[in-house]
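# Structural overview
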Amino acid sequence: MAYQTFNRNTFDTFSQPMFFGEHVNVSRYDTQKYKIFEQLIEKQLSFFWRPEEVDLSTDRKDFANLPEHEKHIFLSNLKYQTLLDSIQGRSPNVALLPIVSLPELETWIETWSFSETIHSRSYTHIIRNVISDPAAVFDDIVSNEYITKRAESVTKYYDDLIESVTYYQNLGEGKHEINGKIVEISLRDLKRKLYLTVASVNVLEAIRFYVSFACSFAFAERAKMEGNAKIIKLIARDEALHLTGTQHMLQIWAMGKDDPEMGEITKECRDDVIEIFREAAEQEKEWAEYLFKDGSMIGLNKDILCQYVEYITNQRLAAVGLDSIFTTKQNPLPWINAWLVSDNVQVAPQEAEISSYLVGAIDSALSLEDFSDIEL
Amino acid sequence: MLAMRDKSKESNSEFHLEDDAIDHQDFQLESPEAPSSSDEARPQSELYLPVGNPEAPQDDQQLEIQGFEKPVYNLQIDGIAEPLAFHYANNLLESLEAQGVQLPYQCREGYCGGCRTDLVEGKVAYLQEPMAWINEGEILPCCCVPKTALKLKLKG
């Protein structure tokens, strides 16, 4: 079943599963199997923002005045965020669009991925603003072993799925000899790969991103790099939505009504998913060690960040109905909530630049005298 | 038709595109100097978390609360002995926070699921349709209010 950009078959959209059903044809949203994806699209569109709206001129000065070990923390964290969004800006499209079967889900994947490209552009905006040689930072992302090691574990599920789907769509199910190598392709196995991919994306968005957000906000807690924190706040708002998107996919599968096979796979893969969570948590702890290798910063050190990794991992496990794997129950960084609050992020330039813009805009103190010159 | 065409030609000739020289730039190349004191404009001060105590609106001078009686719903939380009640707050999350119960939260409008809490007993009404995934027996306190007395169990 080679991919068709416009499927000519007539079929009932409602009877299609989310993935591996008929290829989509008309992008229609009048009838929807899962209206949540349409709601996510609308929400994501209402969040639209551009990095250039955030003024970073103070951050440049702040960065120049940071001690060397804090510069290392800030830049390494930014490199890691750049890596994660580089992956997320393309991979959902490449991996999921060829196999998706519902128009509203297809459009959600595109909208989701598009918003990640805005995040990538905002890292360039930040790096260009705080240092004079952005190339050095970007080049290090592909050569720094601490970063490439992590790239491997976040991309392997995507790459595995993409490769198998290519074989499946060209050659179909069965045993195939490809370049002298025997490859066995079965739809069941592809679905398993899909499940693990979405689970690992869920972990990427639920744990890895949040650990990096904690570092960004730790600077801003000390009134340093606040423009950067403002951008990360906008990114965090988008990521919360993406996370909801992948949680819905996982839970719809878990119920087994969408695709009974995916329901079985959810049960089979339970331990693998817990392992993905555990592996990510361990890697984030290793990363914390690398970040703080030359020294801690006020308010954040290796131990606190590791505790946060454990806390957030437990939280995310609970969200997908799995049991805790760590003992940490308390959030060691309680101030992070206030930074993550997203119902009030102001993006319009006239609001975002001047924090006092709205303060005192309305004088609600009235006395009878104020009406004295009004005649009816 | 012809007359109309002639007219449009005439009006076109009234524009002197090439003669108009641009003699000013109404944009700045350098971004304006930012205020040096960063203490005043901390981004945290831009957070609009509820000002004052949402469960005690009588403290707010601007609110006229005479003449309306709101029902009070008792809240019981696993592991917390003090008596808690929902009365005036806009949602369950605000009410709990006002009474010293800390819940994780992020979006505070139902799409992130950060405040997921187990509902052991009782009923809630949603003020808006929550977008986050909610398992059976869970509620999102950020966007619901109690309909009856509640027994809750916090996550984690």
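Residues numbered from 1 in each chain as written. Chains lettered and ligands numbered in written order. Predicted model: local features only at pLDDT ≥ 70, side-chain atom pairs only at ≥ 80, totals over all residues.

### Some details on the overall build of chain B
The helix and strand inventory of chain B stands at two helices and seven strands. Going from the N terminus to the C terminus, chain B shows its helices and strands as α-β-β-α-β-β-β-β-β. Evaluated residue by residue, chain B yields a buried proportion of 27% over its 156 residues. Long-range contacts, defined as pairs at least 24 residues apart, comprise 52% of the intrachain contacts of chain B with a sequence gap of at least 6. (Helix = DSSP H or I, 4+ residues; strand = E, 2+ residues; numbered from the N terminus. Buried ≥ 20, exposed ≤ 12 C-beta atoms within 10 Å, placed from the backbone. Contact = placed C-beta atoms within 7 Å.)

### Comments concerning the pairing of strand β3 (residues 117-121) of chain B
All names here are of chain B. Where β3 meets strand β5 (residues 138-139), two bridges bridge the pair, whose relative direction is antiparallel. Counted as the bridge partner of D118 is E138 from β5. Taken together, the three bridges between β3 and strand β7 (residues 150-153) define a ladder with antiparallel strand orientation. When the sheet's bridge partners are listed, L119 is paired in β7 with L152. (Pairing = 2+ DSSP bridges.)

### A closer look at the environment of K156 of chain A
Residue and element names in this part refer to chain A. Among the structural elements, K156 can be located in helix α6 (residues 145-171). Classification of K156 as partly exposed rests on a count of 13 C-beta atoms within 10 Å. Note: C-alpha distance between K156 and T197 (41 residues apart in sequence) is 8.5 Å.

### Details of the sheet that holds β7 of chain B
Strand order in the open sheet formed by five strands is β2-β1-β7-β3-β5 (chain B), with mixed pairing between adjacent strands. Looking at the sheet topology across the chains shown, the edges are occupied by β2 (80-86) and β5 of chain B.

### Brief notes about the packing of helix α10 (residues 270-291) of chain A against helix α11 (residues 302-319) of chain A
All names here are of chain A. The geometry of α10 relative to α11 is characterised by a closest axis approach of 9 Å and an angle of 165° between their N-to-C directions. Regarding the angle of α10 to α11, the classification is roughly antiparallel. Considering only the axes of α10 and α11, their crossing is right-handed. Along the contact surface, α10 presents F277, A281, E284, K285, A288 and E289, while α11 presents K302, L305, C306, V309, E310, T313 and L317. Considering only residue class, the contact of α10 with α11 consists of seven nonpolar, one polar and five charged. (Axes fitted to C-alpha atoms, helices over the stretch in contact; angles between N-to-C directions. Parallel < 35°, antiparallel > 145°, perpendicular 65-115°, else oblique. Left-handed = near helix turned anticlockwise from the far one by under 90°. Nonpolar A, V, L, I, M, F, W, Y, C, P; charged D, E, K, R; others polar.)

### So, helix α1 (residues 35-46) of chain A
All names here are of chain A. Along its twelve residues, α1 runs 17 Å from first to last C-alpha, staying within 8% of the 16 Å computed at 1.5 Å per residue. I36, F37, L40, I41 and Q44 are the residues of α1 that are buried. Projected down its long axis, α1 carries its buried residues within an arc of 145°, all on one side. The exposed residues of α1 that point more than 90 degrees off its buried face are K35, E42, L45 and S46. Buried residues along α1 sit against α4 (103-130) and α8 (226-255). (Expected span 1.5 Å × (residues − 1). Arc of directions from axis to C-beta.)

### Focus: the confidence of the model for chain B
Low-pLDDT portions of the prediction should not be read for the details of their coordinates. Residues and elements named next belong to chain B. Per-residue pLDDT for chain B averages 76, and the proportion of residues at 70 or more is 60%. Of all secondary-structure elements in chain B, the lowest mean pLDDT belongs to helix α1 (residues 2-13), at 46, while strand β6 (residues 144-146) reaches the highest, 96. The low-confidence segment residues 1-13, where pLDDT is below 50, has zero contacts with residues more than four positions distant or belonging to other chains. Below a pLDDT of 50 lies the segment residues 34-46, which in the model reaches 19 contacts outside its immediate sequence neighbourhood of four places, other chains included. (pLDDT = per-residue confidence, 0-100.)

### Quick notes on the packing of helix α3 (residues 68-96) of chain A against α4 of chain A
Residues and elements named next belong to chain A. As a packed pair, α3 and α4 sit with axes 8 Å apart at the nearest point and diverge in direction by 155°. Taken together, the axis directions place α3 and α4 in an arrangement best described as roughly antiparallel. The two elements α3 and α4 cross, and the hand of that crossing is left-handed. Residue-level contacts link L78, Q81, T82, D85, S86, Q88, G89, R90, P92, N93 and L96 of α3 to I109, E110, W112, S113, E116, T117, H119, S120, Y123, I126 and I127 of α4. Each residue belonging to the contact of α3 with α4 can be placed in one class, and the counts come to eight nonpolar, ten polar and four charged.

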